[in-house]
Amino acid sequence: MASPSDLAVSEMDFDALPERSWVDRIKDTARKKPLGAVSACAVIVMVLLAALANIITFYDPVQNAFDSMHVAPGAAHWFGTDQFGRDIFTRIVFGARTALFVGFSASILGSTAGLILGVGSAYFGGRFDLIFQRFMDIFISFPLIIMALSVVSIFGTGTQNVILAITIPLIPRCARVVRSSALAIREIPYVDAARALGFAHVRIIFRHMIPNVMAPYLIMLTAFLGQAILLEASLSYLGLGVQEPTPAWGLMLQGGAEEYAESAPWIPVFPGLAITAAVFAFNLFGDAVRDTLDPRLRSE
Amino acid sequence: MRNTRMKTLIVAAALLALAAWSFAPAEAAPKKGGTLKFVVGSKIPSYDGHIESTFGMIHPIRPFYSLLIRVNPDNPASPTDFVCDVCEGGVPQPTEGHTKYTFKIRDDISFHNGQKLTSADVKATYDKIISPPKGIESNRKAFFSMVKSVTAPDPKTLVFKLKYPTGAFVPALALPYNFIYAKADLDKHGHKWHQKNVNGTGAFRFVQHQPGAFVEGKRYEKYHHKGKPYLDGYRAISAPKMAIRLQAIRGDRAAIEFRGFPPKARDDLKKALGDKLTVQESDWNCNLMVTPNHKRKPFDDARVRRALTLAIDRWAGSKYLSRIAIVKTVGGVVFPKHPLAATKEELTKIAGYWPDINKSRAEAKRLLKEAGYPNGFEFTLHNRGVDQPYKVVGTWVIDQWRKIGLKVKQWVQPSGPFYATLRKKKNFDVSIDFNCQSVINPLVDVSKFISDDRAGNQYAQYQDRQLDKWFEEMNREPDVKKQRAIMRKYEKRALDEMAHQFVTLWWYKINPHRSYVKGWKIAPSHYLNQHLDNVWIDK
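None of these values were measured; they are calculated from a predicted model.

Peer 1: What should I look at first to understand the overall build of chain B in this one?
Peer 2: A tally of regular secondary structure across chain B gives 16 helices and 18 strands. Here the C-alpha atoms of chain B give a radius of gyration of 25 Å, agreeing with the 24 Å that 2.2 N^0.38 yields for 539 residues. Its C-alpha atoms give chain B principal-axis dimensions of about 75 × 70 × 55 Å. Taken across its 539 residues, chain B has 50% of its residues classed as buried. When contacts within chain B are restricted to residue pairs at least 6 apart in sequence, those whose partners lie at least 24 apart make up 70%.

As structure tokens, this is what we get:
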């Protein structure tokens, strides 16, 4: 059965529209959203750095080199070395892997779980929705970092647990937003039609409702990326995230901030800048995605 | 003629030396008054010294109490120099074949609540420490396993009788945790009263404790060491973060921190404060150990454990880590400066201390291959979530093990869960552990290596009756030379042949403090010399 949106598309006369290449579309988007374009470039650079870390760095990110302790930034070590003689540029590049892996994993898992739960809650409605939303209220009432700290203190440290710790507080936030869109979708006749045809709840939710709430889902997903990276860095800074010798920005900042802020400021400064740049880029990118996908903002 | 010239020269030199000595500035006389503010980086679990073992309690609470004997405050670096605190004269010589010690207790001492101190109070204290009633904890009960009886025949006399003669007894008496309690308090309030209440005979009286903020004490006017304390009072400020402790000293919100700072912090403070800062440094009776879990494969195999210790380059580690962490000294099981400690020559014959690290690592790889791991294996290092020196040393040993093909992840836990894992859950592969003692007493300090059913603090979970036997022999052996010979065998077996668990590096204590703090002398332990009765402020 075709949905109303499918019908609307089929009635359009595509031949009447001028053919536009994808390059033109990118240029057009970049012109309309310059900040979004810059942030998208930054995100792409970060992903490339993480993917090609082995190729673009000259040093081992975890090997101690005690004859090069506390070397200031220079030709041999662009960002200097830390207290163990490790090259900070190399560790930042490899740290991007940790940040992106944790950031993407947590935001995709959190948003997707929130999407399913939010749509499910809206679809079933009634007492189920009422009770489920009160649970969501409880989770949302805790600040992200407090919730993440609680999860880590229960399950322990380590990359998987950090992802879990970041994922859990993201779920209710996404579920709440998606539910509001799904409530409107639920009232559209094609959902009633699907019910009348005897489709299972799971099929209605996954085939007919979720595809129609993808816009808020994608907006939340991109918005969560920056938050997840920041949370990972915060947990690592507090000693509750990934552990040495794994390169991670928050961990690098923690290792250098207290003792070396004065005598070797490059140790905390560069990881701090990396966190700032990544969060800034992902937030701007999320804003641009929202502006593009949100119909109200698009019409403005 | 030549003789006359020589005599003239000698006389002239002597006169010059005399003149130089007479013009040398005399050590300033202590000044009275002022409040000492110091920062403490750990919490107070309870006030009861008999059950606690943290500097978080010792630093703020020790000044309220006295001991029977204590490490000489003027010579705290010496492992054998003890002086009387509530006893009279010097530390008594043993009689009856070195099995009886008779102490004369001073009769001019009062508790802070006004009650007189007698030998009955000291006896009640040691009864609580050595043979506490059922259900009452005592952390250092094992230190007094040689004691047969404690008696107080009259108010001025206290007698310890030992089961066998041992050099470990007198240092055990000087442990800074052996606070003297009033018998009346124990009888009236029970043996847990001191966990939340203070009534001692120390140099300072308890004023208040604001949990998480500070502990305050004021001068006890009837203190038994006449003329002391010099201070009007003190305030022990709680500051768990090192950055805050450092800034407190830098900004003169606190004058000193008694545990110790890493070298970089010392350098930064010195650079900022110049002459206003004095730095005292000392070897530290603490070491960080690596403890493999013998109940987990492949750490049940001595070859694998030997490979782990052989991979570690302690000599290079000492050189470099001492620049970033509070570790420095290479040593075996005994505190490095002690007569019972291994010499450098003796150490270099133990696995993991060989001077040629390449040869050592080649042997480690050979052992791994022989044990069935030619390509190494993966495991997790359990560690405590404290930077200095735990996490720094943890990161270092992981790198050392990489060099023999081992892939190691680090699992860091805060102190509470860390101890729970070591003591109860025991679900670790290899853990960082430590052996931190106060009074240097190697005969007892090395008990960490005996079987786990005998040592209360051995977490590797092995039993080695040979080590138990040598431990007993050492403790009952009056001849120091023979003690030393047994200690070498004990050390070789524990660290090398069986490699049950092994020492990484010994800690190094660095105490930068405001130069106006006088009288306090650094000791080889952050638990010692914290009575503060000899500290004064020169402002």
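Don't stop here, the text continues.
Peer 1: What should I look at first to understand the nonpolar core in this one?
Peer 2: Soluble globular proteins tend to pack their nonpolar side chains together in the buried interior. Counting residues in each nonpolar core, the largest one holds 150 residues, and the members touching the most others are Leu36, Phe38, Leu68, Ala307, Val327 and Val393 of chain B. Both domains that meet at this core, namely domain 1 (35-255 + 516-537) and domain 2 (284-508) of chain B, each give it at least three residues. Beyond its immediate chain neighbours, meaning those up to four positions away, Leu68 of chain B contacts Asp85, Val86, Cys87, Phe103, Val122, Leu173, Asn178 and Ile180 of chain B. With 75 residues, the next largest nonpolar core counts Phe94, Leu240, Phe282 and Ala288 of chain A among its residues.

Peer 1: Teacher, can you tell me more about the domain arrangement of chain B here?
Peer 2: For interface size, the figure often reported is the accessible area lost on association. All names here are of chain B. Split by domain assignment, chain B resolves into domain 1 (35-255 + 516-537) and domain 2 (284-508). Of the residues lining the interface, 19 residues belong to domain 1; the matching set on domain 2 comes to 15 residues. Looking at the side of domain 1 that touches domain 2 residue by residue, the class counts come to 15 nonpolar, 4 polar and no charged.

Peer 1: Sorry if this is basic, but what is going on with the environment of Ala51 of chain A here?
Peer 2: Here Ala51 of chain A is to be found in helix α3 (residues 34-51). Along the sequence, Ala51 of chain A and Phe94 of chain A sit 43 residues apart, while their C-alpha atoms lie 8.9 Å from each other.

Peer 1: How should I be thinking about the sheet that holds strand β10 (residues 256-257) of chain B in this particular structure?
Peer 2: Picture the strands of a sheet paired through backbone hydrogen bonds; they go either parallel or antiparallel. Residue and element names in this part refer to chain B. Taken in spatial order, the 5 strands make up an open sheet running β7-β8-β9-β1-β10, and their pairing is mixed. Unpaired on one side and paired on the other, β7 (204-210) and β10 mark the two borders of the sheet. In the sheet, β7 pairs with strand β8 (residues 214-219) via 6 bridges, with the strands oriented antiparallel. If you follow Arg205 over to β8, its bridge partner there is Lys218.

Parameters at a glance
Numbering of residues begins from 1 in every chain and follows the order in which that chain's sequence is written. Here every chain gets a letter starting at A, and every ligand a number starting at 1, in the order they are written. Under the rules for a predicted model, residues below a pLDDT of 70 receive no local features and side-chain atom pairs below 80 are neither given nor counted, while totals for whole chains, interfaces and linings still include all residues. Per the convention used, a helix needs a DSSP run of H or I reaching at least four residues, while a strand needs a run of E reaching at least two, with both numbered from the N terminus. Atoms counted for the radius of gyration: C-alpha only. Globule rule: 2.2 Å times the number of residues to the power 0.38. The exposure label follows from counting other C-beta atoms within 10 Å of a residue's C-beta, where the C-beta atoms are placed from the backbone and the thresholds are 20 or more for buried and 12 or fewer for exposed, leaving partly exposed in between. Remark: residues whose backbone-derived C-beta atoms lie within 7 Å of one another are considered to be in contact. We define a nonpolar core as a collection of buried residues of the types Ala, Val, Leu, Ile, Met, Phe, Trp, Tyr and Cys that are connected via C-beta atoms lying within 7 Å of each other. As used throughout, domain bounds are those supplied by an automatic or database domain assignment. Under the scheme applied, nonpolar residues are Ala, Val, Leu, Ile, Met, Phe, Trp, Tyr, Cys and Pro; charged residues are Asp, Glu, Lys and Arg; polar residues are all the others, including Gly. A pair of strands counts as paired when DSSP detects no fewer than two bridges linking them.

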